[in-house]
Amino acid sequence: MHVRMLTGGLAAACLVTVSLTGGQATAAVPSTADGLPAARVVTYDASGSAEFRSAVDRGAAIWNESVDAVELRPVAAGQRANIRVIADNGWPRALPTTLGNGTVYIGRQAVDQGYNTIRISAHELGHILGLPDRKPGPCSSLMSGSTAGTSCANPYPNAAEKAEVEGNFGGALTGGAQVAHAGVIVD
């Protein structure tokens with residue numbers, strides 16, 4: 001993860017004092033050892049992603065390199081994941097339930113047509129992180145999806161997409177609104 005940028009007053013917002021009957025209690029926003037806000041950890045289970053496992057792991061790593069407010073991690077054994085990733089024969093799609101939760105399908109139909117598996121993975125994870133499709137769009141936009149064409153192999157979110165995810169997961173810390181999604185996003 002790259003260094004988080006803090007603006008004036010943000011550090012003060014990390015500490016919240018709550019008045020309780022009979023005294024005061026202090027609740028701190030989770031933070032790193034250096035006092036910066038900790039990323040929200042979202043776990044994923046790629047055990048059902050078959051031949052796309054490495055593409056899913058790379059797609060998650062790309063998001064981890066690109067944003068600070070959320071970190072995608074493989075789920076620990078015996079734990080329930082926020083995101084399930086499944087390979088199937090259909091078109092790639094995401095079924096977000098709430099921000100950071102849902103199911104991703106890495107569809108073989110798009111792969112068979114020549115679309116890049118890492119781009120597909122990063123794109124579908126982008127839906128779970130609160131991003132909508134932006135079609136039609138250029139290859140420089142990860143969320144343009146299939147409209148960028150089969151020659152597009154760019155798996156990286158652009159600056160606007162990164163900022164939107166930061167806002168979604170930064171919530172009160174960045175002034176961004178958290179977004180809840182329901183439904184299927186088919187690319």
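Before reading on, note that the structure itself is shown above.
Just so it is clear, the structure is predicted and the values come from calculations on it, not from any experiment.

Definitions and cut-offs
- Residues numbered from 1 in each chain as written.
- Predicted model: local features only at pLDDT ≥ 70, side-chain atom pairs only at ≥ 80, totals over all residues.
- Heavy atoms only, no water.
- Helix = DSSP H or I, 4+ residues; strand = E, 2+ residues; numbered from the N terminus.
- Expected span 1.5 Å × (residues − 1).
- Buried < 20%, exposed > 50% of the residue type's maximum accessible area, 1.4 Å probe, protein only.
- Polar contact = N/O pair within 3.5 Å; in protein donor to acceptor, adjacent residues only side chain to side chain.

### Re helix α4 (residues 117-128)
Working note: α-helix, 3.6 residues per turn, so residues spaced by three or four point in the same direction.
Then step 1. Compared with the 16 Å implied by 1.5 Å per residue over 12 residues, the 17 Å span of α4 between its first and last C-alpha is a close match.
Then step 2. Judged by how many residues are buried, α4 sits mostly within the fold: 10 of 12 residues are covered.
Then step 3. Residues Arg119, Ile120, Ser121, Ala122, His123, Glu124, Leu125, Gly126, His127 and Ile128 constitute the buried set of α4.
Then step 4. Where α4 begins, one side-chain oxygen reaches toward the backbone nitrogen of Ile118, 2.9 Å away; that side chain belongs to Asn116.
Then step 5. Within two residues after α4, Gly130 carries a phi angle of roughly 105 degrees, on the positive side.

### As for unusual backbone geometry
Then step 1. Residue Pro136 is bonded to the preceding Lys135 through a cis peptide linkage, with omega at -10 degrees.
Then step 2. Take Pro136: it is sitting in the loop between α4 and α5 (159-170).
Then step 3. Even without a glycine there, the phi angle at Ala50 is positive, about 50 degrees.
Then step 4. Positionally, Ala50 belongs in the loop between β3 (40-48) and α2 (53-66).

Shape is all these values report; function is a separate question.
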